[in-house]
Amino acid sequence: MFVAKLGALVSGAIGEGARPLPMRARRPRRAAVRGVLRRCAAWVAVVALLAGGGVAVTAGLAYAAPGPNPQTEMSFAKVFDGTGHGTSSASFVNTANGFAPGDDTATDGVVSSGDVVGYELVLRFLPAAARQVSVKFAGTSHLSVGAGSLAQFCQSVPGASAAVVSGACVFSVSAGVSASVTRTVVASAADTAGVVRSVQRLTAELGVQGQQLYTSVEGGAVSVVSAPLADLTIRPGATSYLWNGDGAGSFIVGPTQLRRPGFSPSKGATAATAWHTRVNVSAFPADTVWRVNGVTLPVVDGWIQGTTSGTQTLTFALPGGGWPELAEGDSRSYEVQLEVSNAAFATADYLNNGDGSQPGGGKPKSFATYDAATGATAGAVFPNNDFSAVTVYRPVPTPGAVFGKQVEYPRDDSVSKFETGNRFWVNAAQTGISNPASPAELAPGAQFRQQLSVYTNEIQTNERIVVSDEWDPELQRVDGLVNVTGPDGKPVDPSKYRLMWSTSVTGDAVADADAVAVGWVEQEEAPAGARALQVSFVWGSLPIAADPGAGKYTVTLPSRIREGVSRVGVLARDTLRGRVGTGVVVSAPGAVRLVFPETPTLQATHAADPASVYPGGEARFTVSPRIEKPVIVGDGFAPEVTVTLDRCVTQPVNETPGWVMTVTDAVAGPSGRVCGDAESTPAALTFAPAQAPMYAASWNANTRVATLPEIKYTAQATQTARNAVSNTASFSLTGEQPAGSAMPVPAVADALVAVLTQSSSLAQVTAAPVKVQPGEPLNWSVDLASSGASETVVVLPSPGDAARYGSAVPTWEGGGSHFGGTLSLTSAVLETEQTTSGATLFYTTQVTPTLVPVESPWLPVAGASDARPGKEPGGLHLWGGAVAAGRCWMCSYRGSKLLQPGHGDF
């Protein structure tokens, strides 16, 4: 800010035109910007705005019939394309990795998808009538300005308030204001699906709000690139089907986007390209109909094939509308396999993963495709995600109203399936019921119980009642004593029933209820290796029909999944059979699904707010770590999150009490600097729990995802930061976790913050008083506001000056200066409290002062003294006998120039 008071004496008549250009503006707050100023002509005061790069726009060049002149000059130029080069935030799509074209530098005209391009726009508002100036940015198919970037750009400047209106930035410019603004606008590069998209650019459009476009300027063009980095996977739409269903189902086939270790996890990577695959469906009946999006795929030698993109549902429908014959209580699996060629995901520009490969290609189904470093996932049924299967189960005939079956298990949704709350009744929070059509998941060693029910109120004749249960002893075992209860929940007298066990008999276990059949043993406890239980009630011992006490009698069989079971995804089934007298044996199924510990999948997001700052500006960063399929949740975790700061990011502050932040300081490079030196070592932050262990902030029992408390920290871009800064993060676990889970996993995207540039300038000249008598002093107050470095010319009035300056103000109606005699400067005072430190004043004797040195030789004002008598309070008189070319400079003064350095107040 510069405030100067100019005093002058003039003799002769003073015309009404001898007045300064009226300019209304509030004094601006200094903003976080840098910049220089280039001339924008006014009458009494000339504000100069020197902006490098770009093309100045001349009115009417863009359209044959432009809209009204907004009295605004504009230049627009690209200043950077892409970020993070030379760091772990760089795109993997570069020439060193074999990609051409590649995104190698910030100025090579190539930018990766997921990255940003910066353009610098310079606006010069000429003194004119009040108006609304509209600036709009038009992008191309793969480069555009988002709402957040537009809002960041659209900030008010002295003399011109700004607001976003219908996708444009509208500046409301006050009458007579001469102002300038230089700002960066950031455009985002979109996914190109593996194709090089050249000639992508922004266009800045200028006009009066609500009127026809006045003019536009195209910014520098870039090529937007992305390369396929994908893994095609297959998983079942449903893992199991009932045999008596309609013989139809589906598989889900689609890509998982991978990452390239050592590079940005998001820039340039795409999984959106078209893919081609063959699917081996030979395990299904030959006439099975396979479709994708309603299109039937022919089966040739047991294979189907197709080309598509994205995630697709592959449906199947078996001939005859049902599954092949299957014995009661039996099951069968139908496997499929992807065969993905090197051409899958490839485009004319790039191969998938650089060489056409993918994680499971050519490997057996036992090969584990899970890879924490690349983000490849494990299969849904087999370790290799190129394989999958569905299981069909045929239950025994469903029971009538007399018998019922229910499988109960301990349940605690606050912990994982491998913890005590989901394994032991004593620790359970509640009871779960397993539906045989969609079995509950139990871990090895988990307890559960079979409940066999007899509804004696549905029995009309007094006959022998027998109920039995059969299971696979390889998967489950008896875990305690059998309990028989009546409708009132009380135990039934043991004399009213007999307990018999078998280790070998299957099928109709109640064929002979009057005696202990061959293969059965009558005893209270189950023998080792028992696979069936039979409960035979004594004839007439239970009330039936409407008799008092008739109702639901329940046989509870405590069970447990065997330890050491290793068959992944297997169903532990059991079957109830029941008979009244010599009637038909009825049955009911029960089942639970066995689950086993997996390698937890770690994931973290890393985001910044705001998305752009000025040099020296502060942003808040948030890291959100999560663990998919952890083995143990209730015991907590020992996580560690490491953040590598951009070389041009400093002063990190931890804002999360639950995490302790340790800072590893940056190491300067050969230049002695960190920011801008590619050989420097950036600072690193390590976040660890403030108290160990750390418990999940939330746990989703359905998706099996544990979300840890967020990490929030702030950091500042250095004053020398340019274009963008990017912090990277990685997440790891230590402690009692399966092998491989401790590997640091990068966040799914870098925390990218665009670093904007901005400069602005305003000149306001006021006279006090506005009318004087001939011979009386004239006084003007010049209020200059600028952000960043600026040069400002202030010119004394002279007769006929409208011819020299009025042409630059097309709508000015105030005329020019008219007076007789002479006018000379008597004093110039800088108000020190309002003046930027280091400001320098120059003068010239040129009749028409300009900023061009050859046109107006500017000489520094020398001899200024704070000790001069008569100094105004808080002011500094700038005179003292400076002489140029043998003349007193005050006597020949025609104008002053004030040079203000960049004040560094960001």
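For the structure, see preceding data.
So, here's what we can say about the structure.

## What about the nonpolar core?
Alright, step 1. If you look at the biggest cluster of nonpolar residues, it comprises 39 residues, and the most contacted ones within it are V623, I627, V641, V643, F687, Y713 and F731.
Alright, step 2. If you list the elements that add at least two residues to this core, you get strand 41 (601–609), strand 43 (618–628), strand 44 (638–644), strand 46 (659–664), strand 47 (684–689), strand 50 (711–717), strand 51 (723–734) and strand 53 (751–755).
Alright, step 3. When near neighbours in sequence (up to four residues on either side) are disregarded, V623 contacts A604, T605, H606, V641, V643, E710, I711, Y713 and A729.
Alright, step 4. Residues Y119, L123, V157 and C169 belong to the second largest nonpolar core, which totals 33 residues.

## Describing the packing of aromatic side chains
Alright, step 1. Applying the stated rule across the entire model yields 20 aromatic pairs.
Alright, step 2. Seen from their ring centres, Y241 and W323 are 5.8 Å apart, and the 45° between their planes marks the pair as tilted. With Y241 in strand 18 (residues 240–242) and W323 in the loop between strand 25 (312–317) and strand 26 (331–340), this pair connects stretches of sequence that are 82 residues apart. Across the pair, W323 and Y241 agree in class, each one buried.
Alright, step 3. Judged by centre distance (5.4 Å) and plane angle (40°), the ring pair of W323 and Y334 falls under tilted. With W323 in the loop between strand 25 and strand 26 and Y334 in strand 26, this residue pair connects regions lying eleven residues apart in the sequence. The pair formed by W323 and Y334 is uniform in burial state, with each residue classed as buried.
Alright, step 4. One aromatic cluster is present, formed by Y241, F251, F284, W290, F316, W323 and Y334 through successive ring pairs.
Alright, step 5. Directly above the ring of W303 sits R278, whose terminal nitrogen or CZ lies 3.9 Å from the centroid.

## So, the sheet that holds strand 32 (residues 465–471)
Alright, step 1. Strand order in this open sheet of seven strands is 30-40-39-32-37-35-36, and the pairing throughout is mixed. Strands at the two margins of the open sheet, each flanked by one partner only, are strand 30 (440–442) and strand 36 (520–522). Neighbour-to-neighbour, the strand axes of this sheet turn through a mean angle of 25°, independent of strand direction.
Alright, step 2. As judged from the three bridges shared by strand 30 and strand 40 (residues 586–594), these two strands associate in the parallel manner. Along strand 40, the bridge assignment pairs E441 with R593.

## Comments concerning the sheet that holds strand 5 (residues 110–112)
Alright, step 1. With mixed pairing, the three strands of this open sheet are ordered in space as 5-15-12. Two strands close off the open sheet at either side, each with one partner strand: strand 5 and strand 12 (197–200). Averaged over all neighbouring strand pairs, the angle between strand axes comes to 35°, with direction disregarded.
Alright, step 2. Of the pairings in the sheet, the one linking strand 5 to strand 15 (residues 222–225) comprises three bridges and is parallel in character. Bridge assignment links V110 to a residue of strand 15, and that residue is S223.

Parameters and conventions
- Residues numbered from 1 in each chain as written.
- Predicted model: local features only at pLDDT ≥ 70, side-chain atom pairs only at ≥ 80, totals over all residues.
- Heavy atoms only, no water.
- Core = buried A, V, L, I, M, F, W, Y, C linked by side-chain atoms within 4.5 Å.
- Buried < 20%, exposed > 50% of the residue type's maximum accessible area, 1.4 Å probe, protein only.
- Helix = DSSP H or I, 4+ residues; strand = E, 2+ residues; numbered from the N terminus.
- Contact = heavy atoms within 4.5 Å.
- Phe/Tyr/Trp six-rings, centres within 6.5 Å; stacked < 30°, edge-to-face > 60°.
- Lys NZ or Arg CZ within 6 Å of the ring centre and 35° of its normal.
- Pairing = 2+ DSSP bridges.
- Axes fitted to C-alpha atoms, helices over the stretch in contact; angles between N-to-C directions.

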